[in-house]
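For reference, the chains in residue letters:
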Amino acid sequence: MTSKKRGRETVNVNEPPHPVHNVCVRPLPGGLAESYMRGLEKADDGRYKVSLEYPQYYPLMKRCFIPETRRKMEAAFQSRCKEENTSILERLISLRAKMAELLGFRTHADYVLEMNMARNTRNVSRFLDAFHEKLKLVGEQERCYILELKRRECGERGYEFDGQIHAWDLPYYMNRVEQVKFSVDKDKLIEYFPLEVVTEGLLGIYQDLLGLTFQPVPKPHAWHPDVRLFSARDAASGEEIGQFYLDLHPRCVPVSSCVLFRLWILKPSPPTTNAHTIHPLVSAGWLGVQEGHTGGWGLS
């Protein structure tokens, strides 16, 4: 029951189409790339319709220097499926607590952690407390640096400085720290890491690490012509272990987010002398790619 409730809550968030939130963008697009703006639908009143899906939400939160626009987007994003999921989550909390009690655990967290390295919530709390103490000084220094960036920018752009770092400020000012402190230009980086080169490099690393070979499957049955299907084979024996789809571009179908999941198990492997039996399976993966100012695509 708990897994079904959790599954329904996840589907509500990921199931297309997401609600569309109209964000008022000033004549100057607030630091957003022209290629990004061209991909937005314009409303009759002149405002732009910005989807809550990752490919439109995250670039806006990282690049838009208008605080009110970021605030509206953050509020809408965090309120996705609020009506549908509130009752599900309330019921889920109750069911998890009851299940933990029936199994002899103090909390659901203790039940989940019992099979993990942490073992229980007390160990997790001690680890987090110790981690916090070690990072507190560095965290305060970074907070002061971001606040100074915000104070300076608010003065330059004529916005009121409230002395706080809000949730809708973090993505933007973390991106600004990379630009100002470390001179990182994401658009320039994308030019040096084109999608095809990075993809082949990543697949090559995994083949070397896992002792596999990935062979493209011609004319795969997939949801889009750009989707690629690979056969994963043992490098030594040539035996097929499984297959996986690779879709590097955001789409509404089958899901709109970056995800990796198992689709189905094909068949069990014949018994071997090894301690572990490999079951061939088919998986599908969606990765995030980002379009730069020049229109080129690279892994984000």
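Quick caveat, the model's predicted, so the values are computed rather than measured.

### Overview of a nonpolar patch on the surface
- Judged by side-chain polarity, Leu202, Ile205, Tyr206, Leu209 and Leu210 come together as a nonpolar surface patch covering roughly 540 Å² of accessible area.
- Locating Tyr206 in the fold gives a position in helix 10 (residues 195-210).

### Section: helix 7 (residues 121-157)
- When the terminal C-alpha atoms of helix 7 are compared, their 46 Å separation across 37 residues is substantially less than the 54 Å that a helix rising 1.5 Å per residue should span.
- Where helix 7 bends most, at Leu135, the angle is about 50°.
- Residues of helix 7 that are buried include every one of Thr121, Ile146, Leu147, Leu149, Lys150, Glu153 and Cys154, and no others.
- Taken together, the buried residues of helix 7 touch helix 6 (108-113) and helix 8 (170-180).
- Between a side-chain oxygen at the N-terminus of helix 7 and the backbone nitrogen of Arg122 the separation is 3.1 Å; the capping residue is Asn120.
- Within two residues after helix 7, Gly158 carries a phi angle of roughly 80°, on the positive side.

### A short note on the side chain of Asp169
- Considering the arrangement of structural elements, one finds Asp169 in the loop between helix 7 and helix 8.
- Residue contacts for Asp169: discarding those within four places in its chain leaves Arg70, Lys150 and Gln164.

### Considerations on the packing of helix 7 against helix 8
- The contact between helix 7 and helix 8 brings their axes to 10 Å, and the two run at 95°. Classed by the angle they form, the pair helix 7 and helix 8 counts as roughly perpendicular. In this structure, helix 7 contributes Tyr145, Ile146, Leu149, Lys150 and Glu153 to the contact, and helix 8 contributes Tyr172, Tyr173, Arg176, Val177 and Val180.
- For the contact of helix 7 with helix 8, the residue count by class is 7 nonpolar, no polar and 3 charged.

### Comments concerning the pairing of strand 3 (residues 48-51)
- Here strand 2 (residues 41-42) runs beside strand 3; their pairing, made up of 2 bridges, is antiparallel. When the sheet's bridge partners are listed, Glu41 is paired in strand 3 with Lys49.
- Hairpin connection of strand 2 to strand 3: 5 residues between the antiparallel strands, including Gly46 at a positive phi of 95°.

### Things to note about the pattern of salt bridges
- A full pass over the atoms with the stated rule returns 15 salt bridges.
- Salt bridges here are not isolated pairs; linked through shared partners, they connect Arg70, Lys150, Asp162 and Asp169.

### Remarks on helix 4 (residues 67-78)
- For helix 4, built from 12 residues, the straight-helix expectation of 16 Å at 1.5 Å per residue is met to within 8% by its first-to-last C-alpha distance of 16 Å.
- All of the buried residues in helix 4 are Thr69, Arg70, Met73, Glu74, Ala76 and Phe77. Taken end-on, helix 4 shows its buried residues confined to a sector of 165°, consistent with a single buried face.

### Focus: the confidence of the model for the protein chain
- Here the protein chain shows a mean pLDDT of 81. Residues at 70 or above account for 74%.
- Every residue in residues 265-269 scores below 50 in pLDDT, and together they form 15 contacts with partners more than four places removed in sequence or on other chains.
- Scored below 50 in pLDDT, residues 293-298 shows 21 contacts in the model against residues more than four places distant or in partner chains.

### With respect to unusual backbone geometry
- For Cys81, which is not glycine, the phi torsion reads 55° and is therefore positive.
- With respect to the helices and strands, Cys81 occurs in the loop between helix 4 and helix 5 (82-102).
- Judged by relative accessible area, which is 12%, Cys81 ranks as buried.
- Positioned with a positive phi, Arg119 is a non-glycine residue whose angle comes to about 75°.
- Along the chain, Arg119 turns up in the loop between helix 6 and helix 7.

### Looking at the packing of aromatic side chains
- Scanning the model with the defined rule gives 11 aromatic pairs in all.
- Arranged with centres 5.6 Å apart and planes meeting at 65°, the rings of Phe105 and Tyr111 form a pair that is edge-to-face.
- Given the relative accessible area of 32%, Tyr111 is considered partly exposed.
- One aromatic cluster in this structure is built from Tyr54, Tyr57, Tyr58 and Phe77.
- Lying across the ring of Phe77, Arg80 places its NZ or CZ 3.8 Å from the centre.
- Over the ring of Tyr145 we find Lys181; its NZ or CZ atom is 4.9 Å from the centre of that ring.

### Some words on the environment of Arg96
- You can see Arg96 is positioned in helix 5.
- Sequence separation of Arg96 and Tyr111 is 15 residues, and the distance between their C-alpha atoms is 9.4 Å.

Conventions we followed
Residues numbered from 1 in each chain as written. Predicted model: local features only at pLDDT ≥ 70, side-chain atom pairs only at ≥ 80, totals over all residues. Heavy atoms only, no water. Patch = residues over 30% accessible without salt bridge, like charges linked within 9 Å, V, L, I, M, F, W, Y side chains within 5 Å. Areas by Shrake-Rupley, 256 points an atom, 1.4 Å probe, with all protein chains shown as cover. Salt bridge = Lys/Arg side-chain N within 4 Å of Asp/Glu carboxyl O. Helix = DSSP H or I, 4+ residues; strand = E, 2+ residues; numbered from the N terminus. Expected span 1.5 Å × (residues − 1). Bend = angle between axes of the 7 residues up to and from the residue. Buried < 20%, exposed > 50% of the residue type's maximum accessible area, 1.4 Å probe, protein only. Contact = heavy atoms within 4.5 Å. Polar contact = N/O pair within 3.5 Å; in protein donor to acceptor, adjacent residues only side chain to side chain. Axes fitted to C-alpha atoms, helices over the stretch in contact; angles between N-to-C directions. Parallel < 35°, antiparallel > 145°, perpendicular 65-115°, else oblique. Nonpolar A, V, L, I, M, F, W, Y, C, P; charged D, E, K, R; others polar. Pairing = 2+ DSSP bridges. Arc of directions from axis to C-beta. pLDDT = per-residue confidence, 0-100. Phe/Tyr/Trp six-rings, centres within 6.5 Å; stacked < 30°, edge-to-face > 60°. Lys NZ or Arg CZ within 6 Å of the ring centre and 35° of its normal.

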